[in-house]
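Here is how the chains run, residue by residue.
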Amino acid sequence: MAFARARRRQETNYWPGFVDALSSLLLVIIFMLSLFMLTQFFLGQEIQGRDSALSRLNSQIAELTELLQLERANSDDLTSQLSALTATLAGAEAENQNLSDRLAGIGTGLGDRDAAIAGLEAQLMDAERLSDEANAQVALLNQQLAALRTQIGALEAALEASETRDAESRTQIADLGRRLNLALAQRVQDLSRYRSDFFGRLREILEDRADVRVVGDRFVFQSEVLFDPGQADIGAAGRPDLDALADAILQLETEIPPDINWVLRIDGHTDKRPISNARFPSNWELSAARAISVAQYLVSRGVSPNRLVAAGFGEFTPLDPADNDEAYRRNRRIEFKLTEG
């Protein structure tokens with residue numbers, strides 16, 4: 001058996017390494033795209049709330065503008081009425097003057113026409129009464145016009161205040177977006193730094209294990225390290241490695257500040273060969289059960305449950321798509337990835 005292992009080391013196969021590199025690059029790109037989409041999602045939610053407030057302010061401004069236009073139309077109508085009454089008053093005064101002139105002209109030598117004079121006096125009184133009523137209407141219209149101008153001034157002041165608040169809201173939205181982008185960038189940078197420290201610590205702990213390796217931004221344990229074939233119970237041989245991993249996670253919990261939300265994602269993977277038994281009807285159930293078993297073991301070693309996420313991927317994300325025993329062995333794995341919560 002030692003001779004077989006030596007022979008396998010002498011036969012160099014570059015193709016799995018090339019596939020590993022491409023897979024790692026693809027995972028990094030997917031992670032960055034996911035992070036960018038998450039950032040844009042939260043930013044979009046914040047901006048959408050601000051846009052709703054801005055829409056309400058614009059609606060109020062539109063209503064105030066419409067009310068101002070109606071008040072201005074009423075003002076124009078009152079001004080027209082005032083002009084008509086002024087013209088009526090001028091006509092009445094001219095008629096009054098005409099009647100006075102006629103009365104003065106016929107008063108000399110016409111003492112026998114008292115009835116005509118009485119009639120003219122009655123007409124004069126009627127004209128004076130009309131003049132008084134016109135003056136009263138003019139005074140009332142002047143008061144209404146003054147009140148209307150006061151209302152127009154108040155509406156213009158309210159409109160100006162609304163426009164000022166609108167400008168301030170836009171400024172606040174822009175500043176909030178800038179600060180949110182800075183905060184997200186800082187959180188990503190901090191988490192990347194702690195991820196590098198965490199992986200560096202694990203490399204030192206597990207540097208002698210050929211069946212534990214780094215693939216992209218995650219640590220990969222071959223399933224044979226932790227589980228027997230077709231089983232989800234952690235074997236005794238894999239517990240020391242998980243103990244070392246638990247110690248590293250516990251130290252990480254003390255180092256990362258509380259305001260950085262992070263989790264260690266545990267992903268279970270199987271090869272493409274189907275499985276079907278009473279406990280595991282499919283590879284999906286098997287991979288999920290293995291991920292849960294690892295999470296439960298880490299919790300038993302003191303790791304906080306809220307920092308662990310267990311997921312099963314079945315045979316659907318293979319590292320090596322080939323149909324041979326070596327590809328099957330590489331695809332049966334448990335991956336650990338430090339990511340945002």
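Since the model is a prediction, treat every value here as computed from it, not as a measurement.

Per the UniProt annotation, the sites labelled "transmembrane region" (unreviewed entry) are residues 21–43. Counted over residues 21–43, helix gives 100% and strand 0%. Its end C-alpha atoms are 33 Å apart.

Looking now at the packing of aromatic side chains. Aromatic rings in a pair are described by how distant their centres are and how their planes are angled relative to each other. Counting across every chain of the model gives three aromatic pairs. Taking 5.6 Å as the distance between ring centres and 70 degrees as the angle between the ring planes, the aromatic pair formed by Phe 41 and Phe 42 counts as edge-to-face. Phe 42 sits in the partly exposed class, given a relative accessible area of 44%.

Assignment of secondary structure puts Leu 57 in helix α2 (residues 14–106). Judged by its relative accessible area of 15%, Leu 57 falls in the buried class. Measuring from C-alpha to C-alpha, the distance between Leu 57 and Arg 165 comes to 8.3 Å, with 108 residues separating the pair along the chain. When near neighbours in sequence (up to four residues on either side) are disregarded, Leu 57 contacts Arg 165, Asp 166 and Ser 169.

As a further point, take the side chain of Glu 335. Position of Glu 335 relative to the elements: it lies in strand β5 (residues 333–340). A polar contact is formed between the side chain of Glu 335 and the side chain of Arg 333, at a distance of 2.6 Å. Residues in contact with Glu 335, not counting those within four places in the same chain, are Arg 218, Phe 219, Val 220, Arg 265, Ile 266, Asp 267, His 269 and Leu 319.

A few words now on the environment of Gln 97. Within the element layout of this structure, Gln 97 appears in helix α2. Relative accessible area serves as the criterion here: at 47%, Gln 97 is assigned to the partly exposed category. Sequence-wise, Gln 97 and Leu 124 are 27 residues apart; in three dimensions their C-alpha atoms are separated by 9.0 Å.

Our next topic: the pairing of β5. Among the eight residues in β5, seven count as buried, and that is most of the element. As paired strands, strand β2 (residues 218–222) and β5 are joined by four bridges and run antiparallel to one another. Residue pairing for β5: Val 220 is matched across the bridge by Glu 335. Strand direction decides the pairing type here: strand β3 (residues 262–269) and β5, joined by eight bridges, are antiparallel. What sits directly across from Gly 268, in β5, is Ile 334.

Below, the discussion takes up the pattern of salt bridges. A full pass over the atoms with the stated rule returns 13 salt bridges. Across the pair Asp 20 and Arg 330 runs a salt bridge, and its minimum N-O distance is 2.1 Å. Of the two residues, Asp 20 is situated in helix α2 and Arg 330 in helix α7 (residues 325–331); the sequence distance between them amounts to 310 residues. Like Arg 330, Asp 20 is buried. In this structure, Asp 271 engages Arg 332 in a salt bridge whose closest nitrogen and oxygen atoms are separated by 2.8 Å. Of this pair, Asp 271 sits in the loop between β3 and α6 (283–300) while Arg 332 is found in the loop between α7 and β5, placing the two residues 61 residues apart along the sequence. The exposure classification of Asp 271 matches that of Arg 332, with both residues buried.

In terms of burial, β3 is largely enclosed, as seven of its eight residues are buried. Bridge count between β3 and strand β4 (residues 308–312): five bridges; the pairing is parallel. If you follow Arg 265 over to β4, its bridge partner there is Val 309. With α6 bridging β3 and its parallel neighbour β4, the resulting β-α-β unit is right-handed.

Reading the values: the criteria
Residues numbered from 1 in each chain as written. Predicted model: local features only at pLDDT ≥ 70, side-chain atom pairs only at ≥ 80, totals over all residues. Heavy atoms only, no water. UniProt positions renumbered as here; feature names shortened; annotations may be inferred. Helix = DSSP H or I, 4+ residues; strand = E, 2+ residues; numbered from the N terminus. Phe/Tyr/Trp six-rings, centres within 6.5 Å; stacked < 30°, edge-to-face > 60°. Buried < 20%, exposed > 50% of the residue type's maximum accessible area, 1.4 Å probe, protein only. Contact = heavy atoms within 4.5 Å. Polar contact = N/O pair within 3.5 Å; in protein donor to acceptor, adjacent residues only side chain to side chain. Pairing = 2+ DSSP bridges. Salt bridge = Lys/Arg side-chain N within 4 Å of Asp/Glu carboxyl O. Right-handed = clockwise from strand over helix to strand, strands pointing away.

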